[in-house]
Amino acid sequence: MRNVPSLEAINQDYAPKGVQFYYIYKALAHPQTNGYVAPVNLAERLMHVQEAQKTLGTKIAWLCDSMANDLKHGLGDAPNSEFILDPDGRVLIKRSWSKPAELRADLEKLVGPVERPTTIASLNLPAKQTRSNVATGVVEKLDLPAQLRPLVVETVESGNEPFYVKLRAEAEPAISRSGEGRLYLGFHLDPLYHVHWNNLAAPLKFEIKASSAATVVPNVGEAPKVIVEADSDPREFLIAVNLQDRSQPLEVTVQYFACHDEEGWCKPVTQTYRILWQTDPDGGTVRRGRNPRDSESGEARPQRPNRRPMPGDQSAQPNRPIPARIVSVDLEAQTIKVLLPNRSEVEYNVASTRLMDADGSLELKQLQENDRVMLGVSNDKDSEGRIILRRLMKR
Amino acid sequence: MQRLTGWAWCLVFLMSICLWGATTPSWAQPPGRAESPRDAVDSAFNRKSPEVGDTVPNLAAYRADGSTVRLHDLKGKHTVLVFGCLT
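Residues numbered from 1 in each chain as written. Chains lettered and ligands numbered in written order. Predicted model: local features only at pLDDT ≥ 70, side-chain atom pairs only at ≥ 80, totals over all residues. Heavy atoms only, no water.

S.K.: Honestly, the overall build of chain B in this entry has me stumped. Any pointers?
M.R.: Summing up its helical and strand segments, chain B has two helices and three strands in all. The linear arrangement of helices and strands in chain B, starting from the amino end, is α-α-β-β-β. The buried share of chain B, taken over its 87 residues, is 25%. (Helix = DSSP H or I, 4+ residues; strand = E, 2+ residues; numbered from the N terminus. Buried < 20%, exposed > 50% of the residue type's maximum accessible area, 1.4 Å probe, protein only.)

Rendered as structure tokens:
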């Protein structure tokens, strides 16, 4: 919500004049933006409200829509609409998109002007926060078909364990027309649980149970191994589907290892989701950037990478230098630990690395904590699984 | 009269096309031009939201502490409602 600061300033000015303000928290408009994923129950949606209060620094009270999205549907189905009601609950003004400048002008007419309008700067709203200290951008994003529609996903309860991972399922429109097409499955960690993948354990696995009237290929899958110990990137899959009967849902069971650093646990989790063959009208749209349209043959054209290649990626280019900062140097083991731009710490083998600075060659013992370096990685690893650095240039 | 060069003819031709596009009625435009997502939101909102002058439906919502509140419970003051979410 980009207009929160302006709305907060208007609230500051008009609440003392007897106007009451409420935000209505609704289904996510753009799931996965800043990592946020759709809640699966009211308790989780209320967690979103708390997160919004905290991260946006709002003073205006929040009302939370029901999980059936009654308020959203009953008041026009728009993501950022705005209403002014009179004291009898009648609509005086409505807008499909909130416009704070116009809202202020309306209130000025309704209850009178404000002598000194509050400025946004005076509100001391919080700066954007970084939520996670684990790596992101280390797992290759899938090259997805251009047109995907969100499907209704239900969770199959099994005990009190929260769904740390949310399944996003999207289907090609061809599936609803001919029964044949591709299904996107994205397993997204819910940032509100502060959990990350444990990459020292087995990668995420899924299994799909379909009725005899559906064929899914593959019906089992495993996420790729990731070099960094922990990350929070989604695990994504594309599944080919051939449906004879759209009334039969798919059941997807997923197994993964999750860790919570603050609570000090790492554990295996098994959870099940049910995918219904219905477009979810409240599923929102994912901002994936400009995807190339599918060609006539149905094959997606290559997508431009939207991230910096990281060491350990299948796609990492060995010759492309990566900026980093030295965390520690182990002279005996001939290794260094560095902090990468995505805030993950990675240990490299530097036994055969060419070390340089602006003046020429460098010795390992000359490197110190916080030194800024450029790394040239190879695709080779030592016996301990550490990536071997080809070059290191001290900046 | 000075003869028009090739470039000038091109310009006249392009302007004619623009003029045709601007004045052609919608039924004569080529089919398949989809409504933009923003326009789709606007038209759905105009269709589905309560009209100006109507009382808002008495729908239930939840306060941040989980307690239930209905829209008619907010009567008594001028009220501003703004929809939003974390994304």
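S.K.: Is there a simple way to think about unusual backbone geometry in this case?
M.R.: With the exception of glycine, the majority of residues adopt a negative phi angle, and the majority of peptide bonds are in the trans configuration. All names here are of chain A. Looking along the chain, the bond that leaves Val217 and enters Pro218 is cis, with omega of -5°. Relative to the helices and strands, Pro218 is located in the loop between β10 (214–217) and β11 (220–222). One non-glycine residue, Asn124, adopts positive backbone phi at about 55°. With respect to the helices and strands, the residue Asn124 is situated in the loop between α4 (100–111) and β5 (149–156). The exposure class of Asn124 is exposed, given its relative accessible area of 68%. Although it is not a glycine, His194 sits at a positive phi angle of roughly 55°.

S.K.: I tried to follow the interface of chain A and chain B on my own but got confused; where do I start?
M.R.: Where the parts come together, the accessible area they lose is often given as the size of the interface. At the junction of the two partners, chain A supplies 63 residues and chain B supplies 39 residues. Counting every contact that joins chain A to chain B gives one salt bridge. For B:Lys48, the salt bridge is made with A:Asp77, and the minimal N-O distance between the two is 2.8 Å. In this structure, the connection of chain A to chain B is made through 26 residue pairs in polar contact (both at pLDDT 80 or more). Among the secondary structure elements, those contributing two or more residues to the side of chain A that touches chain B are β1 (20–25), α2 (42–56), β2 (61–64), α3 (70–74), β3 (82–85), β4 (91–95) and α4 of chain A. With eight residues, the single largest contributor to the side of chain A that touches chain B is α2(A). Pairing analysis gives two bridges linking β2(A) to strand β1 (residues 60–63) of chain B, with the strands arranged antiparallel. In the sheet register, A:Leu63 faces β1(B), and the bridge partner there is B:Arg63. (Contact = heavy atoms within 4.5 Å. Salt bridge = Lys/Arg side-chain N within 4 Å of Asp/Glu carboxyl O. Polar contact = N/O pair within 3.5 Å; in protein donor to acceptor, adjacent residues only side chain to side chain. Pairing = 2+ DSSP bridges.)

S.K.: Would you mind showing me how to read the packing of helix α1 (residues 4–14) of chain A against α4(A) here?
M.R.: The geometry of a pair of packed helices is captured by two quantities: the angle between their axes and the separation between those axes. All names here are of chain A. Where α1 meets α4, the axes come as close as 10 Å, and the angle between the chain directions of the two elements is 15°. If you check the angle between α1 and α4, you find them roughly parallel. For the pair α1 and α4, the crossing hand works out as right-handed. Here α1 contributes Ser6, Leu7, Ala9, Ile10, Asp13 and Tyr14 to the contact with α4, which in turn contributes Pro100, Leu103, Arg104, Leu107, Glu108 and Val111. (Axes fitted to C-alpha atoms, helices over the stretch in contact; angles between N-to-C directions. Parallel < 35°, antiparallel > 145°, perpendicular 65-115°, else oblique. Left-handed = near helix turned anticlockwise from the far one by under 90°.)

S.K.: I keep staring at the side chain of A:Asn80 and nothing clicks. Help me out?
M.R.: Its place among the elements puts A:Asn80 in the loop between α3 and β3. One polar contact links the side chain of A:Asn80 to the main-chain carbonyl oxygen of B:Phe83, over a distance of 2.7 Å. The residues touching A:Asn80, leaving out its near neighbours within four places in the chain, are A:Met1, A:Asn3, A:Ser96, A:Trp97, A:Ser98, B:Val82 and B:Phe83.

S.K.: Hey, could you run me through the pairing of β4(A) in this one?
M.R.: One face of the sheet, then the other: side chains in a regular strand alternate in exactly this way. All names here are of chain A. One ladder, built from four bridges, connects β3 with β4; its direction is antiparallel. Bridge pairing links Phe83 to Lys94 in β4. Between β3 and β4, which pair antiparallel in sequence order, lie five residues; one of them, Gly89, sits at a positive phi of approximately 85°.

S.K.: What is the right way to look at the confidence of the model for chain A in this model?
M.R.: The predicted structure's coordinates, where accompanied by low pLDDT, should not be read in detail. Residues and elements named next belong to chain A. When the pLDDT values of chain A are averaged, the result is 86; 90% of them are 70 or greater. Model confidence for chain A, summarised as mean pLDDT per element, is weakest for strand β20 (residues 360–361) at 80 and strongest for β3 at 98. A low-confidence stretch, residues 290–318 (pLDDT under 50), is modelled with 62 contacts involving residues beyond four sequence positions or located in other chains. (pLDDT = per-residue confidence, 0-100.)

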